[in-house]
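Residue-level structural notes
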Protein chains: 2
Amino acid sequence: MERRRNHSKKRDAILETIRSTKSHPSAEWVFEQLREDFPNLSLGTVYRNIAEFKESGEVMSVAVVDGIDRIDGDTSPHEHLVCTACGAVEDLELDLQTEAISKQISERCGAQASRIHLTAYGLCRCCLKKTN
Amino acid sequence: MERRRNHSKKRDAILETIRSTKSHPSAEWVFEQLREDFPNLSLGTVYRNIAEFKESGEVMSVAVVDGIDRIDGDTSPHEHLVCTACGAVEDLELDLQTEAISKQISERCGAQASRIHLTAYGLCRCCLKKTN
DNA sequence: TAAAAAATAGGAATCATTCTTGTTTTTGCG
DNA sequence: CGCAAAAACAAGAATGATTCCTATTTTTTA
């Protein structure tokens, strides 16, 4: 039951902004980035479009840091590090056997996993340096 | 700088309730469970104590499902399944090489991971049956 | 038992997110 | 083109989980 979507400059810009960063932004951050190009952009529009992107699978949320949802425009399988000091969310590329994990879940629990998220919590390189 | 903690029946009961379930409850759920034994219990007290348990490492949050924080009184290393249909959070026991993963993170990113969370999203056994 | 410290109840405040409504933009069509 | 229907939007109100505040109660200490 796909609803037809009209073209929208703002929606395109929102998706482009999300895709062009590796910062795993919040809705607020996306909004701030676009404020210059679209002075009358509404934060609600950013939230609404992000929700739609999530439904269509173009964007996924990867973490909730300090109560704020952080999203990723890269939906290919990869993992994340959440820095418990500065709140940064970074990409990881581990050799995670997601197939084997899904199989284990199916066999042991009778459940069907559609996505496997691995999130490491700790100190990013920057914050680790500062503790020395 | 550990603050001295007095003894408190309610705090003990809150921790016991959290530890005695595998449902990975919300604060609200814990509150409801204790309402019978402590008719004048305050939801704020549950939140405050959960926050303290998190700080002391006795409890950890394992997922945010539909905007609600879900906690676990079992802080031993294990993984979770979040059912995208009914919102249940279940324990998994996978053969995850967390040591090797932490090592990879350190070598590739220079970061120091203190916890590795693996969360699978999909259909639990019950909800999977219903889709047949 | 009395004062000091800690914990709580109750309710107000916060704040990310969602919803509502009136307006603007886009699209399809004559 | 010009116009009506559909979709998208701005602005701000509403929601709801969580946190904060303060007066009261419980626990500890001596």
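Since the model is a prediction, treat every value here as computed from it, not as a measurement.

Let us look at the protein's contact with DNA strand D. By nearness alone, 20 residues border DNA strand D, and Ser8(A), Lys10(A), Arg11(A), Thr45(A) and Tyr47(B) come closest of all. Among the atoms of DNA strand D lying within 4 Å of the protein, the sugar-phosphate backbone contributes 90%. Asn49(A) is positioned with one of its side-chain polar atoms (N or O) 3.1 Å from a phosphate oxygen of DNA strand D. A distance of 2.3 Å is found between a phosphate oxygen of DNA strand D and a side-chain nitrogen or oxygen belonging to Tyr47(B). At the level of secondary structure, the elements contributing two or more residues to the surface near DNA strand D comprise helix H1 (9–19) and helix H3 (43–56) of chain A together with strand S2 (68–72) of chain B. Ranked by the residues each element gives to the surface near DNA strand D, the list is headed by H3(A), at three residues. Here the residues of the surface near DNA strand D sort into three nonpolar, nine polar and eight charged.

Before going further, it helps to examine the pattern of salt bridges. Two side chains of opposite charge can pair, provided their charged atoms sit close to one another. All names here are of chain B. Applying the stated criterion to the full structure yields eight salt bridges over all chains. The shortest N-O distance in the salt bridge between Glu52 and Arg11 comes to 3.2 Å. In this pair, Glu52 sits in helix H3 (residues 43–56) while Arg11 sits in helix H1 (residues 9–19), placing the two residues 41 residues apart along the sequence. In this structure Glu52 comes out as buried when scored by relative accessible area, which is 14%. You can call Arg11 buried: its relative accessible area is 14%. A salt bridge links Asp69 to Lys54; its shortest N-O distance comes to 2.7 Å. One end of the pair, Asp69, is in strand S2; the other, Lys54, is in helix H3, with 15 residues separating them in the sequence.

As a further point, take the sheet that holds strand S4 (residues 89–92) of chain B. Taken in spatial order, the six strands of this open sheet run S4(A)-S3(A)-S5(A)-S5(B)-S3(B)-S4(B), and their pairing is mixed. One side of each edge strand has no neighbouring strand; the edge strands of this open sheet are strand S4 (89–92) of chain A together with S4 of chain B. Within this sheet the neighbouring strands show an average axis-to-axis angle of 30 degrees, counted without direction. With eleven bridges joining them, strand S5 (residues 112–123) of chain A and strand S5 (residues 112–123) of chain B adopt antiparallel strand pairing. In the strand pairing of S5(B), Leu123(A) is matched with Gln112(B). The sheet contacts of helix H4 (residues 98–109) of chain A involve S5 of chain A together with S4 and S5 of chain B, and relative to S5(A) the element is tilted by about 115 degrees. Its contacts with the sheet place helix H4 (residues 98–109) of chain B against S4 and S5 of chain A together with S5 of chain B, and it is angled at close to 115 degrees to S5(B).

Now for the interface of chain B and chain A. Facing 29 residues of chain B, the contacting portion of chain A comprises 29 residues. Counting each side, the surface lost to burial between chain B and chain A is near 2,500 Å², with a carbon and sulfur contribution of 57%. The largest per-residue losses of area from chain B upon contact with chain A belong to Cys109(B), Gln112(B) and Tyr121(B), which jointly make up 19% of the total buried on that side. Across the contact surface, chain B and chain A share two salt bridges. Across the pair Asp95(A) and Arg108(B) runs a salt bridge, and its minimum N-O distance is 3.2 Å. Summed over the shared surface of chain B and chain A, the number is twelve residue pairs in polar contact (both at pLDDT 80 or more). For the side of chain B that touches chain A, the secondary-structure elements that each account for two or more residues are H4, S5 and helix H5 (125–130) of chain B. Broken down by element, the residue count for the side of chain B that touches chain A peaks at twelve residues, all from S5(B).

The next subject is H4(A). Each α-helix turn comprises 3.6 residues. Residues three or four places apart therefore point the same way. For H4(A), built from twelve residues, the straight-helix expectation of 16 Å at 1.5 Å per residue is met to within 8% by its first-to-last C-alpha distance of 16 Å. Where H4(A) is concerned, the buried positions are Ile101(A), Gln104(A), Ile105(A) and Cys109(A). Buried residues of H4(A), seen end-on, are gathered within an arc of 100 degrees and therefore sit on one face of the element. Seen from the buried face of H4(A), the exposed residues on the opposite side, beyond 90 degrees, are Glu99(A), Lys103(A) and Glu107(A). On the buried face of H4(A), the contacting elements are S5 of chain A together with S4, S5 and H5 of chain B. Following H4(A) by one or two positions, Gly110(A) has its phi on the positive side, about 70 degrees.

Reading the values: the criteria
- Residues numbered from 1 in each chain as written.
- Chains lettered and ligands numbered in written order.
- Predicted model: local features only at pLDDT ≥ 70, side-chain atom pairs only at ≥ 80, totals over all residues.
- Heavy atoms only, no water.
- Near = heavy atom within 4 Å.
- Polar contact = N/O pair within 3.5 Å; in protein donor to acceptor, adjacent residues only side chain to side chain.
- Helix = DSSP H or I, 4+ residues; strand = E, 2+ residues; numbered from the N terminus.
- Nonpolar A, V, L, I, M, F, W, Y, C, P; charged D, E, K, R; others polar.
- Salt bridge = Lys/Arg side-chain N within 4 Å of Asp/Glu carboxyl O.
- Buried < 20%, exposed > 50% of the residue type's maximum accessible area, 1.4 Å probe, protein only.
- Pairing = 2+ DSSP bridges.
- Axes fitted to C-alpha atoms, helices over the stretch in contact; angles between N-to-C directions.
- Contact = heavy atoms within 4.5 Å.
- Buried area = accessible area lost by both parts, 1.4 Å probe.
- Expected span 1.5 Å × (residues − 1).
- Arc of directions from axis to C-beta.

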